[in-house]
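A closer look at the structure
Residue strings, one per chain:
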Amino acid sequence: MAHIHFIGAGQMAEAIIRAAHVNPALTDAQFSIEDIDAERVATLTHTYSLPAQTPDTALAEADLVVIAVRPQDDIPAVAQRINQLASAHSTVISIVAGVTLAQLTALLGETRAIARVIPNTLTDTGYGYSGVTLNQHAQAEKLDAFFTAFGKVLYLEERLIDVFTGFGVAGPNYIYCFIESLTDAGVLAGLPRPLATKVVQENLLGAVEMLRLSGKHPRQLLDINNSPAGVGMHGLYELNNSDFASGLQRSVLAAVKRTTALANSR
């Protein structure tokens, strides 16, 4: 049974632990956490029934060490602590944005197994992909149980991580904006908001399931759903004349550009 130790007790660390807390594949006893904020550690330890261990002991016994501090925190100091106390056989998993495998290797040593993870923000749902890139010493089969405890996982080349962050991890933002706008359209047309909300959510879930079941391209389903000169085609005509598609694509590119800029600034 792998022991998973978090260095850092921020929101993302809690989201991962919260998801794992209700996942039968892992147990609360497998997790421990440390942070400069002792009160925060006490709160999470109590809330998620984590074992009470001293930070040094927990780190020394860990099979997986998760660096979950903020990007602006002292990463070299965290790495030094790992080098001093963690087992040479443990794998270090970093969820710190913008810190590359090369940078982590320089801090942790050439022989250390290292994984860089961009967690998804849908941890409580079981949906969403986390993007993972591994160095040559890290083994996916030893990490799968942990990663899938808070969603699905995509193993990627590191050159794709910034693109994945701006497109995949930021992806729910675009969906939320679409849902808000479409719901407002229903209200504008005359539906009560609770009813419009239900219709939008059900259509969204159903459309995704239809794509999965049919295996068809969205354009093929659009063709099936819309008769000549019909209601749907009139609606699509206006949508196609708007900036919807290009605006969405520019949003993704802006997010990817920002991710790259943050990574290059370190």
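Presented here is a report on the structure given in the accompanying data block. (Residues numbered from 1 in each chain as written. Predicted model: local features only at pLDDT ≥ 70, side-chain atom pairs only at ≥ 80, totals over all residues. Heavy atoms only, no water.)

1. Topic: the environment of Thr 54
- Relative to the helices and strands, Thr 54 resides in the loop between helix 2 (38-47) and helix 3 (55-61).
- Here the alpha-carbon distance between Thr 54 and Glu 34, two residues 20 residues apart in the chain, equals 8.6 Å. (Helix = DSSP H or I, 4+ residues; strand = E, 2+ residues; numbered from the N terminus.)

2. Side note on the pattern of salt bridges
- One pass over the structure, following the stated rule, counts eight salt bridges.
- Salt-bridge contacts for Arg 81 lead to Asp 56; the nearest nitrogen and oxygen are separated by 2.9 Å. Within this pair, whereas Arg 81 is found in helix 4 (residues 75-85), its partner Asp 56 is found in helix 3, the two being separated by 25 residues in sequence.
- Ionic pairing is found between Arg 193 and Asp 184, a salt bridge with its closest N-O pair at 2.9 Å.
- Of the residues examined, Asp 184 reaches a relative accessible area of 33% and is grouped as partly exposed.
- Three or more residues joined by partner-sharing salt bridges are found here, namely Glu 34, Asp 56 and Arg 81. (Salt bridge = Lys/Arg side-chain N within 4 Å of Asp/Glu carboxyl O. Buried < 20%, exposed > 50% of the residue type's maximum accessible area, 1.4 Å probe, protein only.)

3. Section: the packing of aromatic side chains
- Here the structure, examined in full by the defined rule, presents six aromatic pairs.
- With 6.2 Å between their ring centres and 65° between their planes, Phe 6 and Phe 146 make a pair best called edge-to-face. Of this pair, Phe 6 sits in strand 1 (residues 4-7) while Phe 146 sits in helix 6 (residues 140-147), and the two are 140 residues apart along the sequence.
- Between Phe 146 and Phe 147, the aromatic rings sit 5.7 Å apart at their centres with planes inclined by 45°, giving tilted as the arrangement.
- Exposure remark for Phe 146: the relative accessible area of 3% places this residue in the buried category.
- Taking the relative accessible area as the measure of exposure, Phe 147 reaches 0% and is therefore buried. (Phe/Tyr/Trp six-rings, centres within 6.5 Å; stacked < 30°, edge-to-face > 60°.)

4. Comments concerning the sheet that holds strand 6 (residues 129-134)
- Ordered in space as 2-1-3-4-5-6-7, the seven strands form an open sheet in which the pairing is mixed. The open sheet has two edge strands with one neighbour each: strand 2 (31-34) and strand 7 (152-155). Sheet twist, expressed as the average angle between the axes of neighbouring strands with direction ignored, equals 25°.
- Of the strand pairs in this sheet, strand 5 (residues 113-118) and strand 6 are connected by four bridges, and their pairing is antiparallel. In the strand pairing of strand 6, Ala 115 is matched with Leu 134.
- Along the sheet, helix 5 (residues 101-108) makes contact with strand 4 (91-94), strand 5 and strand 6, crossing strand 5 at roughly 140°. (Pairing = 2+ DSSP bridges. Axes fitted to C-alpha atoms, helices over the stretch in contact; angles between N-to-C directions. Contact = heavy atoms within 4.5 Å.)

5. Describing the nonpolar core
- Within the largest apolar cluster, 29 residues are counted, with the highest numbers of intra-cluster contacts made by Phe 6, Phe 31, Ile 33, Val 66, Ile 93, Phe 146 and Phe 147.
- With five residues, the single largest contributor to this core is helix 1 (residues 11-21).
- Ignoring any residue separated from it by four or fewer positions in sequence, one finds Phe 147 in contact with Ile 93, Ala 115, Val 117, Val 132, Val 153 and Tyr 155.
- In this structure, Val 65, Val 96, Leu 101 and Leu 104 belong to the second largest nonpolar core, which totals 18 residues. (Core = buried A, V, L, I, M, F, W, Y, C linked by side-chain atoms within 4.5 Å.)

6. Details of the environment of Ile 33
- Relative to the elements of secondary structure, Ile 33 occurs in strand 2.
- By relative accessible area, which is 7% here, Ile 33 ends up buried.
- Here Ile 33 is in contact with His 5, Phe 6, Gly 8, Ala 9, Ile 17, Val 41, Leu 44, Thr 45 and Leu 50, once residues within four sequence places are set aside.

7. Details of the pairing of strand 5
- Buried residues dominate strand 5, accounting for six of its six residues.
- Going residue by residue along strand 5, you find Ala 113, Ala 115 and Val 117 tucked away on one face and Ile 114, Arg 116 and Ile 118 tucked away on the opposite face as well.
- Since strand 4 and strand 5 lie parallel, the crossover through helix 5 that links them has a hand, and here it is right-handed. (Right-handed = clockwise from strand over helix to strand, strands pointing away.)

8. Looking at unusual backbone geometry
- Look at Ser 49: it is not a glycine, yet its phi comes out positive at around 55°.
- Secondary-structure assignment places Ser 49 in the loop between helix 2 and helix 3.
- Despite not being glycine, Ala 229 shows a phi value in the positive range, around 60°.
- Mapping Ala 229 onto the fold places it in the loop between helix 10 (218-225) and helix 11 (231-240).

The values reported here are purely geometric and, on their own, carry no functional implication.
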